[in-house]
Amino acid sequence: MPVAPRRTALLAAAVALVALTASACGDGADAAEGGGKTQVRIAYQAIPNADLVVKNQRLLEKALPDADVKWVKFDSGGDVNTAVIAGAVDLGLAGSSPVTKGLSAPLNIPYKVVWIHDVIGENEALVAKNDIGSVKALKGKKIATPFGSTSHYSLLAALESAGLKASDVTLVDLQPQDALAAWQRGDIDAAYVWTPALTELEKDGKVLVTSREIAEQGKPTADLGVVTTAFAAKHPKIVDAWLKAEDQAVKLAKSDPGKAATAIGAELNLSPAEAKKQLAQLVLLTAKEQQGSDYLGKPGAPGALARNLHDASVFLKSQKAIDAVPNQSVFDQALAVKELNRAAR
């Protein structure tokens, strides 16, 4: 489909999404300064990482008593992209694949990667019915995954590695909970999703491959924190406070995983023990660690994340998921290393 119609369709979807989230987000971008307080609209997802600790413990609200902090739940990074296009959120969590798409045509979203919420491991995986023994055996089968997500990206990589094309299977665009429902009805043969839905699928299915294994094959994925360039420029102190809150939560998860798991479990309606198990499936990084060359990097020296995003764009272009591969400089410049550097001091 040509770029203009695709962009128009996305904007139409964005308008609909704003209507759905208006009660949580206020009245869109115009509400960001309402009531004498700066409104901070944060997109989050049901992923058992330290972002939920920040939310549950109200770390940002405590750091910014004069701000109006709004947390808005989304089911996938694709939905977060749509909300950013609509001007409905300022900061948010999206997987590396949706962020790659966001930085590429036709979206070209003006946002920056300011944080790595987690490096994805066993918490995302491809689960199939027990009589399916390999990825290759999925030929002709029906597989669910949220389109445009990190799971979708990893699924396509898994199929390619097994010598299959996307056209060799029937792909169904379903959010994790919808995929679980379809699995329980017997409507699908496999699903590539993340926890907590993944945990339920594993109870009567077989894990064929995990995102950690896909990463070892050269296609790593991560959950990233993004901030719109306009908001970052206008409210640097708020961005700094958000980053420090996220760093505080990661340090808590590392030093006292039980306490962090209790907060995460409260947000996901999971027992502390189950939340702790799911938390352990992720790799969490402090602000200092994220300044390393393997990740975001430092001012003047963007980290390997920029190259990973570019590599992902090459793959997504081969799958016709984006219109063109941006120059490497687009991804280098998209890493908010100056903001991270301030928070890591």
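Bear in mind the structure is a predicted one, so any value in this text is a computation, not a measurement.

Reading guide: rules and limits
- Residues numbered from 1 in each chain as written.
- Predicted model: local features only at pLDDT ≥ 70, side-chain atom pairs only at ≥ 80, totals over all residues.
- Heavy atoms only, no water.
- Helix = DSSP H or I, 4+ residues; strand = E, 2+ residues; numbered from the N terminus.
- Buried < 20%, exposed > 50% of the residue type's maximum accessible area, 1.4 Å probe, protein only.
- Contact = heavy atoms within 4.5 Å.
- Areas by Shrake-Rupley, 256 points an atom, 1.4 Å probe, with all protein chains shown as cover.
- Pairing = 2+ DSSP bridges.
- Axes fitted to C-alpha atoms, helices over the stretch in contact; angles between N-to-C directions.
- Salt bridge = Lys/Arg side-chain N within 4 Å of Asp/Glu carboxyl O.
- 1 Å grid on protein atoms, 1.4 Å probe; cavity = no way out; pocket = protein on both sides within 12 Å on 5 of 7 lines; lining within 4 Å.
- Points joined across faces, edges and corners; volume = space filled by probe spheres on them.
- Nonpolar A, V, L, I, M, F, W, Y, C, P; charged D, E, K, R; others polar.
- Parallel < 35°, antiparallel > 145°, perpendicular 65-115°, else oblique.

**Here's the deal with the overall build of the protein**
Part 1: Within the protein, the regular secondary structure consists of 17 helices and twelve strands.
Part 2: When burial is assessed residue by residue, the protein has 55% of its 345 residues classed as buried.
Part 3: Taking the contacts inside the protein whose residues are at least 6 apart along the sequence as the reference set, 78% of them involve residues at least 24 apart.
Part 4: Split by element, the accessible area of the protein, about 14200 Å² in all, is 50% carbon and sulfur.

**Things to note about the sheet that holds strand β10 (residues 222-228)**
Part 1: Read from one edge of the open sheet, five strands run β2-β1-β3-β10-β4, paired in mixed fashion. Each having just a single partner strand, β2 (67-73) and β4 (111-119) make up the two edges of the open sheet. Ignoring which end each strand starts from, the neighbouring axes of this sheet average 25 degrees apart.
Part 2: As defined by bridge partners, strand β1 (residues 38-44) adjoins β2 across seven bridges and the pair is classed as parallel. Bridging from a neighbouring strand, A43 pairs with V72 of β2.
Part 3: Seen against the sheet, helix α11 (residues 236-255) touches β1, β3 (91-95), β4 and β10 and runs at an angle of roughly 10 degrees to β4.

**Some thoughts on the pattern of salt bridges**
Part 1: Applying the stated criterion to the full structure yields twelve salt bridges.
Part 2: Ionic pairing is found between E200 and K203, a salt bridge with its closest N-O pair at 3.1 Å.
Part 3: A relative accessible area of 33% places E200 in the partly exposed class.
Part 4: Note on K203: relative accessible area 62%, which makes it exposed.
Part 5: The salt bridge involving R342 is made with D240; its shortest N-O contact spans 2.9 Å.

**Brief notes about unusual backbone geometry**
Part 1: A cis amide bond links A105 with the next residue in sequence, P106, at an omega value of 10 degrees.
Part 2: With respect to the element layout, P106 can be found in the loop between α5 (96-102) and β4.
Part 3: With an omega of 10 degrees, the peptide bond running from T195 to P196 counts as cis.
Part 4: Here P196 shows up in the loop between β8 (190-194) and α8 (197-202).
Part 5: Notably, N108 is not glycine yet its phi reads approximately 50 degrees, a positive angle.
Part 6: Relative to the assigned elements, N108 resides in the loop between α5 and β4.
Part 7: Of note, the phi angle at K320 is positive, near 60 degrees, even though the residue is not glycine.
Part 8: In this structure, K320 sits in the loop between α15 (304-318) and α16 (328-334).

**Describing the layout of surface pockets**
Using a probe with the size of a water molecule, rolled over the atoms, empty space left in the structure can be pinpointed.
Part 1: The calculated volume of the second largest pocket comes to roughly 350 Å³.
Part 2: In this structure, the second largest pocket is lined by 20 residues; those nearest its centre are V119, P220, T221, Y295 and N308.
Part 3: Those elements giving two or more residues to the lining of the second largest pocket turn out to be α5, β4, α9 (211-216) and α15.
Part 4: Sort the elements by how many residues they give to the lining of the second largest pocket and α15 lands first, with four residues.
Part 5: For the lining of the second largest pocket, the class distribution of residues is twelve nonpolar, six polar and two charged.

**As for the packing of α11 against helix α12 (residues 257-268)**
Part 1: For the pair α11 and α12, the least separation of the axes is 5 Å and the interaxial angle reads 120 degrees. Taken together, the axis directions place α11 and α12 in an arrangement best described as oblique. Of the residues in α12, those in contact with L252, A253, K254 and S255 of α11 are P257, K259 and A260.
Part 2: Taken together, the residues that form the contact of α11 with α12 break down as four nonpolar, one polar and two charged.

**Structural notes on the sheet that holds strand β5 (residues 124-128)**
Part 1: Strand order in the open sheet made by the five strands is β7-β6-β8-β5-β9, with mixed pairing throughout. Strands at the two margins of the open sheet, each flanked by one partner only, are β7 (170-173) and β9 (206-210). Across this sheet, the average inter-strand angle for adjacent strands is 25 degrees, counted without regard to direction.
Part 2: Two strands pair when backbone bridges link them, and strand β6 (residues 142-145) and β7 are joined in this way by four bridges, in the parallel orientation. Opposite T145, over in β7, you have D173 as the bridge partner.
Part 3: The strands touched by helix α7 (residues 176-185) are β5, β6 and β8; relative to β8, the strand with the most contacts, the crossing angle is about 150 degrees.

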